[in-house]
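Chain residues, written in single-letter form:
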Amino acid sequence: MTTSHHKRNKLEIAIDPFLSQNEKDYLVPLLLGWSGGAEAALSWFKSEPLAAYGNLTPQQLCESGKAESFVEYVKGLELGGFA
């Protein structure tokens, strides 16, 4: 029997339905680091319009079946792309 070593934060809960475990393992620490914490990262995920995607928020992008595009967007930012 295994137990989780950390309590899931609100960001992890919000992205859970859309992303694979590997994607979550990659994105969550990155977004938390960029934003300074789970609340700020969750706020960004829910409300930041992404110009590259017709001003959909990351959450709306995921909800529309384009979670892979969201992952690629974040990867692009990590590599120095523009938001």
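Look a little higher up for the structure.
This section reports on the structure supplied with the text. The shown structure was predicted, so the numbers you read here are calculated from the model rather than taken from an experiment.

1. Section: the overall build of the protein
So, step 1. The secondary structure content of the protein amounts to 5 helices and 0 strands.
So, step 2. Listed N to C, the secondary structure of the protein is α-α-α-α-α in terms of helices and strands.
So, step 3. Counting the 83 residues in the protein, one finds 31% classified as buried.
So, step 4. Taking the contacts inside the protein whose residues are at least 6 apart along the sequence as the reference set, 41% of them involve residues at least 24 apart.
So, step 5. Just so you have it, the protein exposes about 5400 Å², and 53% of that area is on carbon and sulfur atoms.

2. Description of helix 2 (residues 21–35)
So, step 1. Relative to the 21 Å expected for 15 residues at 1.5 Å per residue, helix 2 spans 21 Å between its end C-alpha atoms, a close match to the ideal helical length.
So, step 2. Along helix 2, the residues that are buried comprise Lys24, Leu27, Val28, Leu30 and Leu31.
So, step 3. Buried residues along helix 2 sit in contact with helix 1 (10–15), helix 3 (38–47) and helix 5 (67–78).
So, step 4. At the exit of helix 2 stands Gly36, carrying a positive phi of roughly 95 degrees.

3. A word on the side chain of Asn9
So, step 1. Turning to its location among the elements, Asn9 is positioned in the segment before helix 1.
So, step 2. Take Asn9: its relative accessible area is 18%, and that puts it in the buried class.
So, step 3. Within the local environment of Asn9, its side chain forms a polar contact with the backbone nitrogen of Leu11, the two atoms lying 2.9 Å apart.
So, step 4. Separated by 2.9 Å, the side chain of Asn9 and the backbone nitrogen of Glu12 make a polar contact.
So, step 5. Excluding its chain neighbours within four sequence positions, the residues that come into contact with Asn9 are Val28, Leu32 and Ala38.

Rules of the game
- Residues numbered from 1 in each chain as written.
- Predicted model: local features only at pLDDT ≥ 70, side-chain atom pairs only at ≥ 80, totals over all residues.
- Heavy atoms only, no water.
- Helix = DSSP H or I, 4+ residues; strand = E, 2+ residues; numbered from the N terminus.
- Buried < 20%, exposed > 50% of the residue type's maximum accessible area, 1.4 Å probe, protein only.
- Contact = heavy atoms within 4.5 Å.
- Areas by Shrake-Rupley, 256 points an atom, 1.4 Å probe, with all protein chains shown as cover.
- Expected span 1.5 Å × (residues − 1).
- Polar contact = N/O pair within 3.5 Å; in protein donor to acceptor, adjacent residues only side chain to side chain.

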